[in-house]
Every structure is written in structure tokens, then in C-alpha cells.
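Given next are the chains, with one letter for each unit.
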Amino acid sequence: MLERLSGFSTSELCDGSSFPRAMDYHIKPWVGHGRIVGRAVTVDVPAGEGDIVADAILLLKEGDVLVISGKGCCDYSYWGDFRSFCARTAGAAGVVIDGAFRDLEECRTIGLPVFARAVTCITAAKKGTGSINVPVSCGGVCVRPGDFIVGDAGGVCVIDPEEAEAIMEKAEKKRAAQEQVVREIRETGILRTRIKK
């Protein structure tokens with residue numbers, strides 16, 4: 001399923017969704033090739049508190065996406081190069097942060113995809129509060145453990161595994177219709193029809 005999802009852009013998946021679950025547009029790719037697809041491991045932390053994120057990294061499996069609900073706080077970083085190194089070693093597909101991270105250049109060297117709101121140099125507090133693998137709000141969207149996370153240059157969307165098949169089917173139909181129109185225009189040089197959403 002994840003391999004099939006990787007064949008669609010976030011825009012196409014939103015088009016295929018009856019109720020698109022796209023995170024706030026400020027959450028964008030900063031590190032990596034700009035694309036992630038994986039299952040969510042969630043972390044809920046108070047604004048400016050990030051110690052428990054280290055515990056969540058220990059739970060990551062191959063292909064997981066760590067989703068950190070940082071309450072949009074960009075004054076402190078929830079993530080940095082050391083955490084990127086550890087998550088990369090665990091085989092994670094990437095991290096999505098509703099907040100800021102740091103060590104941008106070093107994180108780019110490590111290569112683990114990082115989606116976040118901003119970059120800052122100040123670390124978050126280390127009080128150990130928060131919860132792991134609970135439903136969270138990240139970028140204004142509810143994310144449950146195990147949800148499919150797809151991120152690219154357009155943003156980040158959240159897919160309910162039970163709805164993924166129907167979403168991809170609808171997205172594929174629209175893609176096929178557009179491709180047909182493109183072929184006709186290239187053959188005739190004339191636009192004859194309009195694609196409906």
C-alpha cells in the first residue's frame with residue numbers, strides 16, 4: 001500500500017479525498033529529496049518541551065514517519081542532527097514536526113527527510129513530559145498512530161489506511177482523464193474539453 005501511495009503527489013491524494021487531511025502549509029520539506037511515505041509514530045509534547053522525542057525514536061521501525069505535535073512552537077527545536085542520525089539508523093522514512101528543528105546543515109548531511117515549520121538554534125526543554133503513540137494534532141490535522149503520512153514539496157497529507165484504496169482510485173481516475181486531454185491536445189493542437197475535479 002505504501003509503495004502504491006508513493007506513486008501519487010500530495011495534491012493528487014487530496015483530490016482523491018472526500019475530506020482532505022492536509023497539514024498547515026507552513027510545514028514544508030527542509031531536508032532530503034522532498035518526499036516521504038510511511039506509517040505514523042506520533043509524539044505529543046507541550047510547546048517547547050522535547051525530551052520524550054528521544055524515547056519515541058527507540059520505537060521507530062523501517063519506513064516509519066515520526067510525527068511530532070509541537071503545538072506550532074518555533075522558539076525551540078524539537079529535533080537536530082543527533083536525532084536525525086538515530087532515526088536514520090532505525091530506518092525511519094522521515095520526521096514531520098509541528099514546530100522547529102535545528103542543525104540544518106548537519107541534518108542535510110545525514111539526509112533523513114525533515115518536514116517542519118522553521119529552523120532555530122535553541123533546544124527545547126528536557127522535562128520528559130508528553131505521550132507517545134496517541135492521537136495528536138499536527139499542523140491542524142488529527143494524526144493517529146499507523147496513519148499513512150505522505151509528504152512532498154506541496155506539503156504533508158494524512159491518509160486513513162481504511163480510505164487509502166478509495167482515495168488512490170479516485171486520484172487515478174482524475175490523472176487518467178487529464179492525461180487523455182493532454183494526448184488529444186498534443187495530437188490536434190486544440191483544447192476540446194475541460195477537466196472537472
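Description of the structure in this document. (Residues numbered from 1 in each chain as written. Predicted model: local features only at pLDDT ≥ 70, side-chain atom pairs only at ≥ 80, totals over all residues. Heavy atoms only, no water.)

Moving on: the environment of Gly7. One can find Gly7 in the loop between helix H1 (2-5) and helix H2 (10-15). Residue classification places Gly7 among the partly exposed positions, given a relative accessible area of 45%. C-alpha of Gly7 to C-alpha of Glu172: the two residues are 165 residues apart in sequence and 10.0 Å apart in space. Leaving out residues up to four positions away in the same chain, Gly7 has contacts with Glu12, Arg35 and Arg175. (Helix = DSSP H or I, 4+ residues; strand = E, 2+ residues; numbered from the N terminus. Buried < 20%, exposed > 50% of the residue type's maximum accessible area, 1.4 Å probe, protein only. Contact = heavy atoms within 4.5 Å.)

Phi at Lys71 is positive, roughly 65 degrees, even though this residue is not glycine. Counting through the fold element by element, Lys71 comes out in strand E3 (residues 64-77). You will see that Asp103, though not glycine, has its phi angle at about 60 degrees, which is positive. Mapped onto the elements, Asp103 comes out in the loop between strand E4 (94-101) and helix H5 (104-110). What makes Asp103 partly exposed here is its relative accessible area of 23%.

So, on to helix H4 (residues 81-90). Within H4, burial applies to Arg83, Ser84 and Ala87. Each buried residue of H4 sits inside an arc of 100 degrees when the element is viewed along its axis, so together they form one side. Among the exposed residues of H4, those pointing more than 90 degrees away from its buried face are Phe82 and Thr89. Buried-residue contacts for H4 involve helix H3 (53-57), H5 and strand E5 (114-116). Positive backbone phi, at 90 degrees, marks Gly91, one or two positions downstream of H4. (Arc of directions from axis to C-beta.)

One pass over the full model with this rule turns up zero disulfides. No disulfide involves Cys142; its sulfur sits 11 Å from that of Cys138, the nearest cysteine. Residue classification places Cys142 among the partly exposed positions, given a relative accessible area of 42%. (Disulfide = S-S within 2.5 Å.)

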